[in-house]
Amino acid sequence: MSDRKYEYDLTDYGDEEDYEEYARQQDKLRGYDRQKKKGSQKPAAGPSGGGKNRVGQKSFSGRNGSPSVKSRAAKAQGRKGGPDPSKKRSHPVLWFLLVFVLVLVICGFGIMSSLLSGLESVRINPKVNSQAAADRIMDHYTTIAIFGVDSREQDLMAGDNRSDTMILCSIHKSTGEMKLISVYRDTWLELGDGSYGKANSAYAYGGPEQAVSMLNTNLDLDIDGFITIGFEGLADTIDSLGGIDLETGVTEEEAGYLNSYLEDMEYELGTDNEPVYTGQQHLSGIQAVAFARIRYTAGSDYRRTERQREVMKAILDRLKKAGPFGLAKAAKTVIGSSACSLTKTQMAGLILKAPFYSLDQSGGLPVEEYRAEDYIGEQACIIPDTLADNIRWLHASLYSQEDYQVSSEADAISSHIYESYHGY
């Protein structure tokens, strides 16, 4: 048996000298002294042995007198010598680019995490039924509840804050497709505590935990987190991005109400803004908030929620053009003007990926074909008639679940609302 501990393939090298140099380097790395061992090796006798051949050249024949590795390599390469071109080797430039991209990503998360160091996440433990918790399709999405409250003092977690804005935002984790569905404030639902009332009152009764429980319980959801923002916070965030442009523009009717809201907020918040005219407009933060508050035009609250989603789309469009410094500025503004249950890592990930999101769908719940407007008791409400039909529509819209089966818990709520409404 040969004393050589390691064997190398000569087909990777053009000639014996290259091979020996490579072998020496590999032996050195492995602590193997080729010079010492070489003297102890005896050349095998016969034409197939090591030794020298008849013309004074070393022979590297294979076992049992088979053609040498060198001769096979030479034939395979057309006796041209040099490395075998069929051998693929990784390109150093590609490795450098890969490492560079990884460094950028890590640094990006590091910078964003540093900016979000002041973020105080609110821990909540909302209700969720077992069917929603076990739903594997929803695992492919990040679902966030966005609440807008009418708070003049930035008391986003306390006080009589009714969530007049409730938007479900789902983001596909792989594709970045975003969908926005508003839940109308006057919708009659189970409030997350066994009682029934208008959906916007859940936040006033039990803060974001009860509001998220209400959405989970009624709609078979397992919401990942919430973000709550007030008037000033939304205005500051939009201003940090340099304002927004509305695709739909401002109608004459809307301009009248918008300017009236501006006057109110100038008195309430001390803002000072120019009036808004009709047509395509570039809106400042407070002007955009006033636009999103309008509810007395044709379409009432249904049209108002459309305006709110238009503002969100315009914000997303600005984020796509903001660049790294713009994103960082927006992130810094958000942490000082909102309450949320997202961790710093989650928030940093959402903001860094924002330029790659695409708004795929928006709408409102209850949908027109599955709702009624009437009184329950003395309260004018939007009644989901039936809630089960609205749940199936919602899951098809947010998660592409075309044949969704409503849970027994949500179906029981649907039956109760139907009986309450039709009982009057």
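S.K.: Tell me about the overall build of the protein, and please be specific about residues and values.
M.R.: A count of helices and strands for the protein gives 13 helices and 12 strands. In the protein, buried positions account for 44% of the 424 residues. A separation threshold of at least 6 residues defines the contact pool for the protein, and within that pool the share at least 24 residues apart is 70%. Split by element, the accessible area of the protein, about 22900 Å² in all, is 52% carbon and sulfur.

S.K.: Now, about the side chain of Asp-186: what can you tell me, with residues and values included?
M.R.: Looking at the element boundaries, Asp-186 is found in the loop between strand S3 (177-183) and strand S4 (188-190). When its relative accessible area of 12% is taken as the criterion, Asp-186 is described as buried. A distance of 3.5 Å separates a polar atom in the side chain of Asp-186 from a polar atom in the side chain of Arg-185. If near-sequence neighbours (up to four positions away) are discounted, Asp-186 is found in contact with Lys-198, Arg-295, Ala-380, Cys-381 and Ile-382.

S.K.: How would you sum up the packing of helix H9 (residues 285-293) against helix H10 (residues 300-335)? Please name residues and give values.
M.R.: Look at H9 against H10: their axes get within 7 Å of each other, and the N-to-C directions meet at 150°. Taken together, the axis directions place H9 and H10 in an arrangement best described as roughly antiparallel. Residues Ala-288, Phe-291, Ala-292 and Arg-293 of H9 form the contact with H10, whose own contacting residues are Arg-304, Arg-307, Gln-308, Glu-310 and Val-311. Here the residues of the contact of H9 with H10 are counted per class, giving four nonpolar, one polar and four charged.

S.K.: Quick rundown of the sheet that holds S3? Include the residues and the values.
M.R.: Strand order in the open sheet formed by six strands is S9-S6-S1-S2-S3-S10, and the pairing between neighbours is mixed. This sheet does not close on itself; its edge strands, each paired only once, are strand S9 (338-340) and strand S10 (358-365). When the angles between neighbouring strand axes are averaged without regard to direction, this sheet yields 20°. Note: strand S1 (residues 141-149) against strand S2 (residues 163-172), nine bridges, orientation antiparallel.

S.K.: Let's hear about a negative patch on the surface: which residues, and what values?
M.R.: Side chains of Glu-263, Asp-264, Glu-266, Asp-272 and Glu-274 sit close together on the surface and give a patch of like negative charge. For Glu-266, the position within the fold is in helix H8 (residues 252-269).

S.K.: Give a detailed account of the pairing of S1, specifying residues and quantitative values.
M.R.: Where a strand is regular, its side chains alternate between the two sheet faces. Buried residues dominate S1, accounting for eight of its nine residues. The pairing of S1 with strand S6 (residues 225-229) spans five bridges and is classified as parallel. The partner of Phe-147 across the bridge, within S6, is Thr-228.

S.K.: An account of the environment of Asp-360 is needed here, citing residue identities and associated values.
M.R.: Along the polypeptide, Asp-360 turns up in strand S10. Given a relative accessible area of 45%, Asp-360 falls into the partly exposed group. As a C-alpha pair, Asp-360 and Lys-179 span 181 residues in sequence and 5.6 Å in three-dimensional space. If near-sequence neighbours (up to four positions away) are discounted, Asp-360 is found in contact with Glu-177, Met-178 and Lys-179.

How each quantity is defined
- Residues numbered from 1 in each chain as written.
- Predicted model: local features only at pLDDT ≥ 70, side-chain atom pairs only at ≥ 80, totals over all residues.
- Heavy atoms only, no water.
- Helix = DSSP H or I, 4+ residues; strand = E, 2+ residues; numbered from the N terminus.
- Buried < 20%, exposed > 50% of the residue type's maximum accessible area, 1.4 Å probe, protein only.
- Contact = heavy atoms within 4.5 Å.
- Areas by Shrake-Rupley, 256 points an atom, 1.4 Å probe, with all protein chains shown as cover.
- Polar contact = N/O pair within 3.5 Å; in protein donor to acceptor, adjacent residues only side chain to side chain.
- Axes fitted to C-alpha atoms, helices over the stretch in contact; angles between N-to-C directions.
- Parallel < 35°, antiparallel > 145°, perpendicular 65-115°, else oblique.
- Nonpolar A, V, L, I, M, F, W, Y, C, P; charged D, E, K, R; others polar.
- Pairing = 2+ DSSP bridges.
- Patch = residues over 30% accessible without salt bridge, like charges linked within 9 Å, V, L, I, M, F, W, Y side chains within 5 Å.
- Salt bridge = Lys/Arg side-chain N within 4 Å of Asp/Glu carboxyl O.
- Lys, Arg positive; Asp, Glu negative; His and termini not counted.
- Charge placed at Lys NZ, Arg CZ, Asp CG, Glu CD.

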